[in-house]
Amino acid sequence: MNTQQLIALMRRIAAKVEEEKAFLTELDNVIGDGDHGINLARGFGEVEKKLDTLADKEPGDVLKSVGMTLVSTVGGASGPLYGTGFMKLGAALKGKADIAVPDFLEGFQGAIEGIMQRGRSTKGEKTMLDAMIPAKQAIEDSWSGDHNAKAAFAAGVAAAKEGVEYTKTIAATKGRASYLGERSIGHQDPGATSFTMMLEIVGDAL
Ligand code: ADP
Ligand code: MG
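Calculation criteria
- Residues numbered from 1 in each chain as written.
- Chains lettered and ligands numbered in written order.
- Predicted model: local features only at pLDDT ≥ 70, side-chain atom pairs only at ≥ 80, totals over all residues.
- Heavy atoms only, no water.
- Helix = DSSP H or I, 4+ residues; strand = E, 2+ residues; numbered from the N terminus.
- Rg over C-alpha atoms; globule rule 2.2 N^0.38 Å.
- Buried < 20%, exposed > 50% of the residue type's maximum accessible area, 1.4 Å probe, protein only.
- Areas by Shrake-Rupley, 256 points an atom, 1.4 Å probe, with all protein chains shown as cover.
- Lys, Arg positive; Asp, Glu negative; His and termini not counted.
- Charge placed at Lys NZ, Arg CZ, Asp CG, Glu CD.
- Core = buried A, V, L, I, M, F, W, Y, C linked by side-chain atoms within 4.5 Å.
- Contact = heavy atoms within 4.5 Å.
- Donors = N, O, S within 2.8 Å, 3.2 Å for Na, K, Ca; no water.
- Near = heavy atom within 4 Å.
- Polar contact = N/O pair within 3.5 Å; in protein donor to acceptor, adjacent residues only side chain to side chain.
- Phe/Tyr/Trp six-rings, centres within 6.5 Å; stacked < 30°, edge-to-face > 60°.

Caption draft 1: Seen up close, the overall build of the protein. Secondary structure assignment for the protein yields nine helices and zero strands. From first element to last, N terminus to C terminus, the protein shows the α and β order α-α-α-α-α-α-α-α-α. Relative to the 2.2 N^0.38 estimate, which gives 17 Å for 206 residues, the radius of gyration of the protein is 16 Å and therefore close to what a compact globule would have. With respect to the three principal axes, the spread of C-alpha positions in the protein is 45 × 40 × 30 Å. Across the 206 residues in the protein, those meeting the buried criterion constitute 50%. Carbon and sulfur atoms make up 53% of the accessible area of the protein, which totals about 9400 Å². Across the protein, 23 positive and 28 negative side-chain charges occur, with their mean positions spaced 5 Å apart.

What follows is the structure in structure tokens.
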């Protein structure tokens with residue numbers, strides 16, 4: 001994927017976030033403070049405004065800029081966390097004119113570790129990580145089998161969706177949803193849901 005394709009992809013992600021704003025906010029209403037969709041739509045709206053100025057950058061720098069914009073424009077926890085993720089992904093792609101699957105996987109791992117560090121969180125705490133970690137593993141496993149990017153991302157999306165289902169079965173121990181404790185069981189995590197939506201857009205674009 002080159003810069004032009006990446007920018008087109010980021011526009012589609014921004015459009016999807018805007019489209020799902022009410023749904024994501026509704027999910028956050030149940031176990032959080034009802035702003036996840038609003039937060040992401042604000043952040044990706046700002047990202048969208050900057051994309052035109054990034055056309056001559058390499059993909060890694062586009063992703064870093066996306067991350068910095070999210071960190072600086074989203075007030076909620078998800079802004080700094082997603083922002084860190086995009087910045088780490090971008091850092092792993094330094095000097096590359098195209099994004100290849102192995103570099104993406106390295107960057108994805110860096111993103112997961114960056115989010116874990118910044119959020120002081122790990123898997124099984126009912127967060128975006130519960131979709132990200134299995135998705136990364138599934139993409140890696142599928143890719144190492146037959147080196148088919150389309151199939152690998154389809155496997156990643158399926159694993160992320162299972163991760164969202166899994167978040168329904170556990171209590172939140174991080175973020176605002178943790179204030180509900182056991183009462184958060186039965187409800188899906190907004191961040192795991194928004195991540196899965198974004199990955200689905202990537203899968204469709206391939
Ligand atoms: P806030 O919680 O500040 O209102 P958002 O509503 O935008 O921010 O985002 C909530 C989402 O952020 C959660 O659904 C969860 O996936 C994710 N999240 C919150 N805290 C953490 C954390 N410490 N580590 C990882 N993800 C987290
Ligand atoms: Mg919230």
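Caption draft 2: How the structure looks around the nonpolar core. Counting 51 residues, the largest nonpolar core has Ile13, Phe44, Tyr82, Phe86, Met132 and Phe195 as its most contacted members. Apart from residues no more than four positions distant in its own chain, methionine 132 is found in contact with Tyr82, Phe108, Ile112, Ile115 and Phe195.

Caption draft 3: Molecular detail of the coordination of the magnesium ion (ligand 2). At this site the magnesium ion (ligand 2) is bound by Asp28 (OD), Asp33 (OD) and Asp35 (OD), with donor distances of 2.0 to 2.2 Å. Sequence spacing among the residues donating to the magnesium ion (ligand 2) works out to D-x4-D-x1-D.

Caption draft 4: Representation of the site of ligand 1. Taken together, 20 residues are adjacent to ligand 1, and Asn39, Ala77, Ser78, Ser121 and Asp189 come closest. Within the contact set of ligand 1, an oxygen atom lies 2.9 Å away from a side-chain nitrogen or oxygen of aspartate 33. In this structure, alanine 77 approaches ligand 1 through a main-chain N or O atom, which is 2.7 Å from an oxygen atom. In isolation ligand 1 exposes 560 Å². Once the protein is present, 93% of that is buried.

Caption draft 5: Representation of unusual backbone geometry in the model. The backbone of lysine 126 sits at a positive phi, close to 65 degrees, despite the residue not being glycine. Mapped onto the elements, lysine 126 comes out in the loop between α6 (101-119) and α7 (129-146). Assessed through its relative accessible area of 1%, lysine 126 is described here as buried. The residue histidine 147 is not glycine, and still its phi comes out positive at about 50 degrees. Relative to the helices and strands, histidine 147 is located in the loop between α7 and α8 (149-169). Relative accessible area serves as the criterion here: at 52%, histidine 147 is assigned to the exposed category.

Caption draft 6: Representation of the packing of aromatic side chains. Per the stated rule, a full pass over the model turns up four aromatic pairs. Ring geometry for phenylalanine 108 and phenylalanine 195: centres 5.9 Å apart, planes at 40 degrees, overall tilted. Pair noted here: phenylalanine 108 is in helix α6 and phenylalanine 195 is in helix α9 (residues 190-205), with a separation of 87 residues, a long-range link. Given a relative accessible area of 6%, phenylalanine 108 falls into the buried group.

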